[in-house]
Amino acid sequence: MNGILHKSQIKYLKSLRKEKNELILKMEEYAEKNNVPILDWKSAEFLESLVQAFRPQNVLEIGTAIAYSSIRIARSLGKNDSIDTIEKSNDNIVLALKNIEESSFGDKINVIKGDALDIIPNLENNYDLIFLDADKEDYEKLFDYSLKKLNRDGVIFIDNLLWKGYAASDDVPDKYRNSTEAIRNFNNYFLENEQLFSTILPIGDGIGFGVKQ
Ligand SMILES: C[S@@+](CC[C@H](N)C(=O)[O-])C[C@H]1O[C@@H](n2cnc3c(N)ncnc32)[C@H](O)[C@@H]1O
């Protein structure tokens, strides 16, 4: 299993794609070659469209990796708006800072080093948009912490809720069993939350989309 769309549809969508930014394309190539799990480009286009339509003043990202999605969000933000992004891997932080410097959006992106489980409860800001993209086993806790920091009418955007197709499959390899179980439990938890209007969209690897009531 590899994704939730048929190959022919992905190929067709790719043939229509208009992305020209060299850094964005270079980061996608790097991620693919080095097995860095970044946001699917179709989900990233949706996330950027959301930023352009919804105009969040401040965004929180949990899981920076190489700053692919941070840079995509930052380039769509308004003039005075910004993104805080949390990353616990030192190796990834080095790569992220290098890419951010190359992007010329450094003034909009604030990289916070450390474990989001420790950092989020101590953040002073509240946010209009929160993008959760960290270890799947921690999703429930990170989601609870995030909701406390999400403004009313704010959006939480969560990646990987269809988990390469395994969330809906009876045939899950051993390697993915724990993470699939965690995602399935999380999906129920997320959809049952009464503070949110929530849905799971079949874009990329499955996007959880919740609006705080
Ligand atoms: C899927 S990648 C993020 C991809 C990135 N959002 C993008 O699309 O370009 C997940 C990242 O989250 C980081 N991570 C996982 N759990 C974390 C936690 N509890 N606190 C901070 N970072 C975490 C990992 O080190 C990894 O770099």
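Going by the structure above, here's the rest.
The paragraphs below set out a description of the structure included in this document. In this convention, every chain numbers its residues from 1, walking through the sequence in written order. In view of the model being predicted, local features appear only for residues whose pLDDT reaches at least 70, and side-chain atom pairs are presented and counted only at 80 or more, with totals across whole chains, interfaces and linings using the full set of residues.

1. Remarks on the overall build of the protein chain
Part 1: Helix and strand counts for the protein chain come out as eight helices and seven strands.
Part 2: Atoms counted for the radius of gyration: C-alpha only. Globule rule: 2.2 Å times residue count to the power 0.38. Taken against the 2.2 N^0.38 rule, which gives 17 Å for 213 residues, the C-alpha radius of gyration of the protein chain at 16 Å falls within 12% of a compact globule. Under the DSSP-based scheme used, a helix requires at least four consecutive residues in state H or I and a strand at least two consecutive residues in state E, with every element numbered from the N terminus.

2. Here we look at the site of the ligand
Part 1: Taken together, 19 residues sit near the ligand, with Leu39, Gly63, Tyr68, Ala116 and Ala134 positioned nearest.
Part 2: Amino acids are sorted into nonpolar (Ala, Val, Leu, Ile, Met, Phe, Trp, Tyr, Cys and Pro), charged (Asp, Glu, Lys and Arg) and polar (every other residue, Gly among them). Here the residues of the shell around the ligand are counted per class, giving nine nonpolar, four polar and six charged. Put plainly, near means the residue's C-beta atom, positioned from the backbone, lies within 6 Å of the molecule or strand in question.

3. Examining helix H5 (residues 90–103)
Part 1: Here, expected helix span is obtained from the residue count minus one, scaled by 1.5 Å. With 14 residues, H5 should cover 20 Å at 1.5 Å per step; its first-to-last C-alpha distance of 20 Å lies within 8% of that length.
Part 2: Of the positions making up H5, those classed as buried are Leu95, Ala96, Asn99, Ile100 and Ser103. One side of H5 carries all its buried residues, which in axial view fall inside an arc of 135°. Residues of H5 that are exposed and point more than 90 degrees away from the buried face comprise Asn90, Asp91, Val94, Lys98 and Glu101.
Part 3: In this structure, the buried side of H5 is in contact with helix H2 (22–33), helix H4 (68–76), strand S2 (82–87) and strand S3 (109–113).
Part 4: Phi for Ser104, located one or two positions after H5, is positive at around 70°. Comment: burial labels come from other C-beta atoms within 10 Å of the residue's own C-beta, placed from the backbone, where a count of 20 or more is buried, 12 or fewer is exposed, and between is partly exposed. Taking the helix axis as origin, the arc is that swept by the directions to the C-beta atoms. In this description, a residue-residue contact is defined by the distance between C-beta atoms placed from the backbone, which must lie within 7 Å.

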